[in-house]
Amino acid sequence: PPPPPPEAQLAADIAVATEQDEDGDTPLHIAVAQGSLGLVRHLVSLFLRGGKDLDVQNRLRQTPLHVAILASQPALVRLLVAHGACAMARDRRGRTGAHLACAAGGAGVLRELLRGGPDLHVTDYEGLTPLHLAVHSGCRESVELLLEHGADVDAVDIKSGRSPLQHAVENNSLDMVELLIQRGADVNAQSYAGCTALHAAAARGLQGALRLLLRGGGDHRNQRPLAVANDQQVYGGL
């Protein structure tokens, strides 16, 4: 039989490229997961020629861009964003591209996402900003990138009102505590319950964190929880 006319073949190719399987994945999702740059370029072209949305979501509400971030593929992140993929699309946990990059400790993909100027103050369904997740991941480079691009060092998680510094203290992540203090974090910021980073460190007996906080300007006056740690072991040599 004669080959189909070009228009019909293109329509067929677009239909195949954009079809979702039982998990909601398109061939674009799968090619991105496999890191196939050439195939991803071809599939993106078919999506665009067919007027299809690059932000199609699978059953986990993941877009191809989400998959590229989770697979730590900076080149694919750059390609998808350059062709209109939305960095602010949310997955089933309410996480945007920046949230996912920070949770995975992926400074490379985060750098590509930041080229598009995403909103770094949006919270996921747990109330956390990308900076909170970067602090939890322990990725110093991600934290520094976020702060350089305007993230609020004192952003609160909307469920408890805790700042990234308070999260770092609770994780006993001294490197993060020191970095956030250096970058101007408010040592005396209070959560919704009225607790500060000093309260958190004292209640957990975290002497290293206490020292850093006190050197950073922490005010321990009239903070009764500090009584548990008010001894020479903690305060000696400050």
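Rules used in this analysis
Residues numbered from 1 in each chain as written. Predicted model: local features only at pLDDT ≥ 70, side-chain atom pairs only at ≥ 80, totals over all residues. Heavy atoms only, no water. Core = buried A, V, L, I, M, F, W, Y, C linked by side-chain atoms within 4.5 Å. Buried < 20%, exposed > 50% of the residue type's maximum accessible area, 1.4 Å probe, protein only. Contact = heavy atoms within 4.5 Å. Helix = DSSP H or I, 4+ residues; strand = E, 2+ residues; numbered from the N terminus. Salt bridge = Lys/Arg side-chain N within 4 Å of Asp/Glu carboxyl O. Expected span 1.5 Å × (residues − 1). Arc of directions from axis to C-beta. pLDDT = per-residue confidence, 0-100. Disulfide = S-S within 2.5 Å. Axes fitted to C-alpha atoms, helices over the stretch in contact; angles between N-to-C directions. Parallel < 35°, antiparallel > 145°, perpendicular 65-115°, else oblique. Left-handed = near helix turned anticlockwise from the far one by under 90°. Nonpolar A, V, L, I, M, F, W, Y, C, P; charged D, E, K, R; others polar.

### Some remarks on the nonpolar core
- With 65 residues, the main nonpolar core has Val-143, Leu-165, Val-169 and Leu-213 as its most contacted residues.
- Not counting chain neighbours up to four residues away, the residues in contact with Val-143 comprise Leu-131, Ala-134, Val-135, Met-176, Leu-179 and Leu-180.

### Quick word on unusual backbone geometry
- In this structure, Arg-61 takes a positive phi of about 60 degrees despite not being glycine.
- Looking at where Arg-61 falls in the secondary structure, it is placed in the loop between helix 3 (37–49) and helix 4 (64–70).
- Not every positive phi belongs to a glycine, and Ser-72 is a case in point at roughly 55 degrees.
- Counting through the fold element by element, Ser-72 comes out in the loop between helix 4 and helix 5 (74–82).
- Accessibility expressed as a relative area gives 47% for Ser-72, which makes it partly exposed.

### Points about the pattern of salt bridges
- Per the stated rule, a full pass over the model turns up nine salt bridges.
- Glu-112 serves as the salt-bridge partner of Arg-115, at 2.8 Å between the closest nitrogen and oxygen.
- Overall, Glu-112 belongs to the buried group, its relative accessible area being 6%.
- Note that Arg-162 is salt-bridged to Glu-170, the shortest N-O span being 2.3 Å.
- In the salt-bridge network here, residues are joined through shared partners; they are Arg-78, Glu-112 and Arg-115.

### Some words on helix 8 (residues 130–137)
- In terms of residue burial, helix 8 counts as a mostly covered element, since six of its eight residues are buried.
- Every buried residue of helix 8 is listed here: Pro-130, Leu-131, His-132, Leu-133, Ala-134 and Val-135.
- Buried positions along helix 8 lie against helix 6 (97–103), helix 9 (140–148), helix 10 (164–170) and helix 11 (174–182).
- Remark: Gly-138 follows helix 8 within two positions and exhibits a positive phi of approximately 80 degrees.

### So, helix 1 (residues 6–18)
- Taking 1.5 Å of rise per residue, the 13 residues of helix 1 would be expected to cover 18 Å, and the 18 Å separating its terminal C-alpha atoms lies within 8% of that figure.
- For helix 1, the full list of buried residues reads Ile-14, Ala-17 and Thr-18. Angularly, the buried residues of helix 1 cover 80 degrees about the axis, an arc narrow enough to put them on a single face.
- Elements in contact with the buried residues of helix 1: helix 2 (27–34) and helix 3.

### Description of the confidence of the model for the chain
- Mean pLDDT for the chain: 91, with 91% of residues reaching 70 or above.
- Note that residues 222–238 has pLDDT below 50 and, in this model, 29 contacts with residues that lie over four places away or in other chains.

### A closer look at the environment of Val-16
- Counting through the fold element by element, Val-16 comes out in helix 1.
- On the basis of relative accessible area, Val-16 is assigned to the exposed category, the value being 54%.
- For the pair formed by Val-16 and Thr-26, sequence separation is ten residues and the distance between their alpha carbons is 8.7 Å.

### Notes on the state of the cysteines
- Scanning all chains against the criterion turns up zero disulfides.
- You can see Cys-86 has no disulfide; the closest cysteine sulfur is in Cys-102, sitting 16 Å from it.
- Cys-102 takes part in no disulfide bond, and the closest cysteine sulfur to it belongs to Cys-139, at a distance of 8.0 Å.

### What about the packing of helix 3 against helix 5?
- Across the interface, helix 3 lies against helix 5 with an axial gap of 11 Å and an inter-helix angle of 10 degrees. Judged by the angle between their axes, helix 3 and helix 5 are roughly parallel. Both helix 3 and helix 5 take part in a crossing whose hand is right-handed. Between helix 3 and helix 5, the residues in contact are Leu-37, Val-40, Arg-41 and Val-44 and Leu-76, Leu-79 and Leu-80, respectively.
- Of the residues that constitute the contact of helix 3 with helix 5, the class distribution is six nonpolar, no polar and one charged.

### Examining the environment of Glu-178
- Looking at the secondary structure, you find Glu-178 in helix 11.
- For Glu-178, a relative accessible area of 38% puts it in the partly exposed group.
- Taking the C-alpha atoms as reference points, Glu-178 and Leu-165, separated by 13 residues in sequence, lie 9.1 Å from one another.

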